[in-house]
Amino acid sequence: MNVDVRPESMERITTPELAQAFIEEQIAAIREQVGDGKVLLALSGGVDSSVCAALLIKAIGKQLVCVHVNHGLMRKGESEQVIEVFQNQLDANLVYIDATDRFLDLLAGVDEPETKRHIIGEEFIKVFAEEAAKQNGIQFLGQGTIYPDILESKDGVKAHHNVGGLPEDLDFELVEPVKLLFKDEVRVVGRELGLPDSMVDRQPFPGPGLGVRCLGAITRDRLNALREADAIVREEIEAAGVDAWQYFVAVPDFRATGVRDGQRAYDWIAIIRCINTVDVMTATVPELDWSLLKRMCDRILAEVPGICRVAYDLSPKPIGTVEFE
Ligand code: XMP
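What you see is a predicted model; the values in this text were computed from it and never measured.

**Student:** How would you summarise unusual backbone geometry if you had to cite specific residues and measurements?
**Tutor:** The peptide bond linking Lys317 to Pro318 adopts the cis configuration, its omega dihedral lying at -15°. Checked against the element boundaries, Pro318 lands in the segment after strand S9 (307–312). One non-glycine residue, Asp91, adopts positive backbone phi at about 55°. The residue Asp91 is located in the loop between helix H3 (78–89) and strand S3 (93–98) in this model. On the basis of neighbour counts, which here come to 11 C-beta atoms within 10 Å, the residue Asp91 falls in the exposed class. With a phi close to 65°, Val280 is a non-glycine residue in the positive phi region. Within the secondary structure layout, Val280 lies in the loop between strand S8 (263–275) and helix H10 (290–303).

Have a look at this one:
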């Protein structure tokens, strides 16, 4: 049987009982595959890698080494949550690498979107490979590959390795315990493993992070303003109970005139993006309540230094892609 093909008889995991049965089955399979070996896993804080890590921790405890690379382009509170959940609550073997300066120094002055993405991807692999080289006795690489990744890679839509193509000399055997699951099933399993809702229900977040939302050449002050405005938008949309697929802020690299406390201001513009979609090939923009839009606008203008205007992006995909870069 091809282990990359989901058997037709496999029941969709929709209940805690089915999740529990899956977890037990996978714990046995992981123990059998890994024995007393060590597994290395890049833990981004996204749903798939988090659920994969939680499952591996349950199966092999400290034989798993999680590496969280903070590239300085995470959203507010995200790296802190990874440390809190995995190190403090699940007692994982977690290596936290604050590579903020490394990434931001490399990105300084780079304004071409594809070059920015390339730099972030390459540097991520470098940082991770350096850490792997420091660890002794690793034989396995844990990956939160899920079934749509496998299907899309078969269709040639994208390569399915989550780490983005590690160098050949990192000769590890893969451990991919959630690779036959769809996203909704990964969430049910994650909840059953005790991960917090905020992690399990996390909206998609691109690998290059806020780097593709801090438009043009990234500067630290504009990135900080973006991160604060984004946190306000997430908080308000979640508090309002809006059922949206993705919502965030982008900040372009130009300024606009304003007036604040009787003084001329010359600050950035926060653009709120909120979309709904089924497959992310197309997306629509929901009609958010005016009161919600106003509340987000008022809070950003009052609480985020460096922003003097707020706009709501009305563009559906196509023509506008979800991300700005
Ligand atoms: P676009 O901008 O292409 O985005 O309409 C479609 C979906 O993909 C996400 N996205 C990424 N996800 N790495 C990822 O893991 C990336 O480089 C990347 N770029 C875009 C985007 O957030 C949206 O959900």
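From this point, things continue past the structure.
**Student:** Requested: an account of the sheet that holds strand S1 (residues 38–42), with residues and values cited.
**Tutor:** Strands sit in the order S3-S2-S1-S4-S5 across an open sheet of five strands; the sheet is parallel. Each of the sheet's edge strands pairs with one partner strand only, and the pair in question is S3 and strand S5 (173–175). Averaged over all neighbouring strand pairs, the angle between strand axes comes to 30°, with direction disregarded. As defined by bridge partners, S1 adjoins strand S4 (residues 138–142) across four bridges and the pair is classed as parallel. Residue pairing across strands places Lys38 opposite Ile138, the latter belonging to S4. Sheet strands in contact with helix H5 (residues 113–134) are S1, strand S2 (64–70), S3 and S4, and its direction is about 145° off that of S2.

**Student:** Kindly report on the domain arrangement of the protein chain, identifying the contributing residues and their values.
**Tutor:** Domain annotation for the protein chain reports domain 1 (16–200) and domain 2 (213–312). Here the C-alpha centre of domain 2 lies 29 Å away from the C-alpha centre of domain 1. Tallying the contact residues gives seven residues for domain 1 and eight residues for domain 2. In the side of domain 1 that touches domain 2, the residues fall into three nonpolar, one polar and three charged.

**Student:** Got a sec to walk through the nonpolar core? Specific residues and values, please.
**Tutor:** One recurring pattern in soluble globular proteins: nonpolar side chains tend to sit buried together. Judged by nonpolar contacts, the single largest core of 79 residues is most densely connected at Leu41, Ala53, Leu56, Leu64, Cys66, Ala229 and Val249. Counting residues per element, this core draws most heavily on helix H2 (residues 47–60), at 10 residues. When we break this core down by domain, the ones giving at least three residues each are domain 1 (16–200) and domain 2 (213–312). If near-sequence neighbours (up to four positions away) are discounted, Leu41 is found in contact with Ser49, Cys52, Ala53, Leu56, Leu64, Cys66, Val67 and Gly142.

**Student:** Would you mind going over helix H1 (residues 16–34) in detail, with residue names and values included?
**Tutor:** With 19 residues, H1 should cover 27 Å at 1.5 Å per step; its first-to-last C-alpha distance of 26 Å lies within 8% of that length. Of all the positions in H1, only Ala19, Phe22, Ile30 and Val34 are classed as buried. On an axial view of H1, the arc spanned by its buried residues comes to 75°, and they lie on one face. Exposed side chains of H1 directed beyond 90 degrees from the buried face belong to Glu17, Glu24, Glu25, Ala28 and Glu32. Lining the buried residues of H1 we find S1, H2, S4, S5 and helix H7 (183–192).

**Student:** Please set out the packing of helix H4 (residues 100–107) against H5 residue by residue, giving values where relevant.
**Tutor:** Where H4 contacts H5, the axes come no closer than 10 Å and their chain directions differ by 150°. Classified by the interaxial angle, the pair formed by H4 and H5 is roughly antiparallel. With respect to the hand of their crossing, H4 and H5 are arranged in right-handed fashion. Along the contact surface, H4 presents Arg102, Phe103, Leu106 and Leu107, while H5 presents Lys116, Ile119, Ile120 and Glu123. Classifying every residue of the contact of H4 with H5 by side-chain character gives five nonpolar, no polar and three charged.

**Student:** I'd love a proper account of the environment of Pro316, names of residues and values included.
**Tutor:** With respect to the helices, strands and loops of the structure, Pro316 is situated in the segment after S9. Among the residues examined, Pro316 registers 14 C-beta atoms within 10 Å and is labelled partly exposed. Discounting chain neighbours no more than four positions away, the residues touching Pro316 are Ala283, Thr284 and Val285.

**Student:** Talk me through the packing of H1 against H7; I want residue IDs and the actual numbers.
**Tutor:** Closest axis-to-axis distance for the H1/H7 pair is 9 Å, and the angle between their directions is 80°. Accordingly, the angle class assigned to the pair H1 and H7 is roughly perpendicular. Contacts from Pro16, Ala19, Gln20, Phe22 and Ile23 of H1 reach H7 at Val188, Val189 and Glu192.

**Student:** Before we move on, could you go through the environment of Gln33 and cite the residues and values that matter?
**Tutor:** For Gln33, the position within the fold is in helix H1. When the C-alpha atoms of Gln33 and Leu174 are compared, they prove to be 9.8 Å apart, with 141 residues separating the residues in sequence.

Rules of the game
Residues numbered from 1 in each chain as written. Predicted model: local features only at pLDDT ≥ 70, side-chain atom pairs only at ≥ 80, totals over all residues. Helix = DSSP H or I, 4+ residues; strand = E, 2+ residues; numbered from the N terminus. Buried ≥ 20, exposed ≤ 12 C-beta atoms within 10 Å, placed from the backbone. Pairing = 2+ DSSP bridges. Axes fitted to C-alpha atoms, helices over the stretch in contact; angles between N-to-C directions. Contact = placed C-beta atoms within 7 Å. Domains from an automatic or database assignment. Nonpolar A, V, L, I, M, F, W, Y, C, P; charged D, E, K, R; others polar. Core = buried A, V, L, I, M, F, W, Y, C linked by C-beta atoms within 7 Å. Expected span 1.5 Å × (residues − 1). Arc of directions from axis to C-beta. Parallel < 35°, antiparallel > 145°, perpendicular 65-115°, else oblique. Left-handed = near helix turned anticlockwise from the far one by under 90°.

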